[in-house]
Amino acid sequence: MTTRAIDQLGRALTDLRVSVTDRCNFRCTYCMPRERFGPDHAFLERHELLSFEEIATVVRVLTGFGLRKVRLPGGEPLVRRDLPRLVGLIAALDGIDDLALTTNGSLLPRHADALAEAGLDRVSVSLDSVDERVFAAMADTSVPLRAVLDGIEAALAAGLTPVKANAVIRRGVNDDGIVDLARYGRERGVVVRFIEFMDVGRTNGWRLDEVVPAEELLARLDEAFPLEPVDGGPEGQVAERYRYRDGGGEVGVITSVSQPFCGTCTRARLSAIGELFTCLFAVGGTDLRAALRDGGTDGDLAAIVRGVWEARTDRYSELRSGATRDLPRVEMSYIGG
Ligand code: SAM
Ligand code: SF4
Ligand code: SF4
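Definitions and limits used
Residues numbered from 1 in each chain as written. Chains lettered and ligands numbered in written order. Predicted model: local features only at pLDDT ≥ 70, side-chain atom pairs only at ≥ 80, totals over all residues. Heavy atoms only, no water. Near = heavy atom within 4 Å. Polar contact = N/O pair within 3.5 Å; in protein donor to acceptor, adjacent residues only side chain to side chain. Areas by Shrake-Rupley, 256 points an atom, 1.4 Å probe, with all protein chains shown as cover. Helix = DSSP H or I, 4+ residues; strand = E, 2+ residues; numbered from the N terminus. Nonpolar A, V, L, I, M, F, W, Y, C, P; charged D, E, K, R; others polar. Buried < 20%, exposed > 50% of the residue type's maximum accessible area, 1.4 Å probe, protein only. Arc of directions from axis to C-beta. Contact = heavy atoms within 4.5 Å. Phe/Tyr/Trp six-rings, centres within 6.5 Å; stacked < 30°, edge-to-face > 60°. Pairing = 2+ DSSP bridges. Right-handed = clockwise from strand over helix to strand, strands pointing away. Axes fitted to C-alpha atoms, helices over the stretch in contact; angles between N-to-C directions. Salt bridge = Lys/Arg side-chain N within 4 Å of Asp/Glu carboxyl O.

**Considering the site of ligand 1**
Phase 1: Contacts to ligand 1 come from 19 residues, most closely from Gly75, Ser126, Met198, Asn204 and Met332.
Phase 2: A distance of 2.9 Å separates a nitrogen atom of ligand 1 from a polar atom in the backbone of Gly75.
Phase 3: In isolation ligand 1 has 540 Å² of accessible area, and contact with the protein removes 95% of it.
Phase 4: When residues of the shell around ligand 1 are traced back to their parent elements, those giving at least two are strand 3 (98-103), strand 5 (164-169) and strand 6 (191-196).
Phase 5: Its residues assigned to classes, the shell around ligand 1 comprises 8 nonpolar, 9 polar and 2 charged.

**Things to note about helix 2 (residues 83-91)**
Helical geometry: 3.6 residues make up each α-helical turn, so side chains three or four residues apart lie on a common side.
Phase 1: Listed as buried for helix 2 are Leu83, Pro84, Leu86, Val87 and Ile90. Each buried residue of helix 2 sits inside an arc of 155 degrees when the element is viewed along its axis, so together they form one side.
Phase 2: Tucked inside the fold, the buried residues of helix 2 contact helix 1 (52-63), strand 2 (69-72), strand 3 and helix 3 (108-118).

**A look at the packing of aromatic side chains**
For any pair of aromatic rings, the description rests on two quantities: the centre-to-centre distance and the angle between the ring planes.
Phase 1: On inspection of all chains with the given rule, the structure shows 3 aromatic pairs.
Phase 2: Judged by centre distance (6.1 Å) and plane angle (80 degrees), the rings of Phe26 and Phe135 are edge-to-face. One end of the pair, Phe26, is in the loop between strand 1 (15-18) and helix 1; the other, Phe135, is in helix 4 (residues 132-139), and 109 residues separate them in sequence. Summarising the burial analysis for this pair, Phe26 and Phe135 share the class buried.
Phase 3: Taken together, a centroid distance of 5.8 Å and an interplanar angle of 80 degrees make the contact between Phe225 and Tyr244 edge-to-face. With Phe225 in the loop between helix 7 (214-224) and strand 7 (227-229) and Tyr244 in strand 8 (residues 240-244), the pair connects residues that are 19 residues apart, well separated along the chain.

**Description of the pairing of strand 9 (residues 250-254)**
Phase 1: With 4 of its 5 residues buried, strand 9 lies for the most part within the structure.
Phase 2: Summarising the sheet, strand 6 and strand 9 pair through 4 bridges and their orientation is parallel. By the bridge assignment for strand 9, Val192 is matched with Val251.
Phase 3: One ladder, built from 4 bridges, connects strand 8 with strand 9; its direction is antiparallel. Looking across to strand 9, one finds that Glu240 is bridged to Val253.

**Quick word on the pairing of strand 3**
Remark: a regular strand shows side chains that alternate across the two faces of the sheet.
Phase 1: Taking burial as the measure, the 6 residues of strand 3 include 6 buried ones, the bulk of the element.
Phase 2: Alternating positions in strand 3 separate into two faces, Asp98, Ala100 and Thr102 on one and Leu99, Leu101 and Thr103 on the other, with burial throughout.
Phase 3: Pairing of strand 2 with strand 3 involves 4 bridges; the strand directions are parallel. Along strand 3, the bridge assignment pairs Lys69 with Asp98.
Phase 4: In this view, the connection linking strand 3 to its parallel neighbour strand 4 (residues 122-126) by way of helix 3 has right-handed handedness.

**Let's talk about the side chain of Asp15**
Phase 1: Looking at where Asp15 falls in the secondary structure, it is placed in strand 1.
Phase 2: The contacts of Asp15, once residues within four sequence positions are left out, are Leu67, Lys69, Thr266, Arg267 and Ala268.

**Remarks on the sheet that holds strand 6**
Phase 1: Read from one edge to the other, the open sheet built from 12 strands follows the order 7-8-9-6-5-4-3-2-1-10-11-12, with strand pairing classed as mixed. Where the open sheet ends on each side, the last strands, each with one partner, are strand 7 and strand 12 (286-287).
Phase 2: In the sheet, strand 11 (residues 275-277) pairs with strand 12 via 2 bridges, with the strands oriented antiparallel. Residue pairing across strands places Leu276 opposite Thr286, the latter belonging to strand 12.
Phase 3: Its contacts with the sheet place helix 6 (residues 178-188) against strand 5, strand 6 and strand 8, and it is angled at close to 150 degrees to strand 6.

**Digging into the pattern of salt bridges**
Side-chain pairs of opposite charge can arise where the charged atoms are in close proximity.
Phase 1: Taken as a whole and judged by the stated rule, the model has 25 salt bridges.
Phase 2: The residue Asp98 makes a salt bridge to Arg122 at a minimum N-O spacing of 2.9 Å. Here Arg122 lies in strand 4 and Asp98 lies in strand 3, a separation of 24 residues in the sequence. With respect to class, Asp98 is no different from Arg122; both count as buried.

Structure below.
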């Protein structure tokens, strides 16, 4: 039976992001800067991570609240061994009608088919530039751009569609490549989504003047490829959608800084070690792993989640200010995008 959980601002819990690992084979400067995530960084130990069965249990319990969408980010989710097995466990649950993966794409050539066979619906691939040099500087990895583009092709071929390409735009770093990215998306049938650089975590040296507001992005895109808005879309959607007037497909902007969308934020996040977070900018989460490992029942787990969600008041992006900027925050690579 479904009994929805509604928070203090009237938002239902319908969407869960599960970070399956805090490790990654890239060191994107805006997410896991190498100076902070170097050889000495203490990543989580394997025994600390929720098992696939434990994750599936949490997802199953949350379907009792009306959860419909599950997304698997990380770290890089495909560095976790045997990920298709987790996809299979979640895809088999009643009520989940949208199961997606957020990945840097580099390992998709190897895994796309197995993921699709296991029941994954679609993928979002991070792609900040189609210029090899800019890509390498931003992702700070020896993995070539070609591997990511091949990953996108593998996802398209496996039917993990619509494939979305997420580009974090930083002024002076990659904003001169937005039209090339849009052109690439049009040519390959990929929905490019331009993301405003966010002040997640405390390590990425975020500055407001590096944010290119969506309005400016759209104006620059519209000049190259005229656009018109796409109305509607499902509840809780984060991107503003536009279509090319010439029928060349769709593009999106994620306006988390310039036009926050906390009012429709129906997302919970589960860290790799089983903490439930109610906001991307949260300071801490609520441990579910103890209940999972100490013999808690589904009812016990549901009661914890309901208590947390019903008390939820988060709307960080709407409040973003000098006062909130200095608070401690969890890192993006830990909580998953
Ligand atoms: N490794 C996977 C990937 O890169 O897609 C999944 C995890 S990554 C943390 C999820 C998403 O968060 C990516 O699309 C990434 O670009 C985005 N991201 C990371 N740091 C960000 C920031 N400071 N501002 C905006 N988006 C960010
Ligand atoms: Fe890794 Fe994704 Fe973060 Fe880049 S954005 S460092 S690929 S987790
Ligand atoms: Fe949701 Fe928090 Fe982001 Fe607002 S700031 S949209 S509440 S995750």
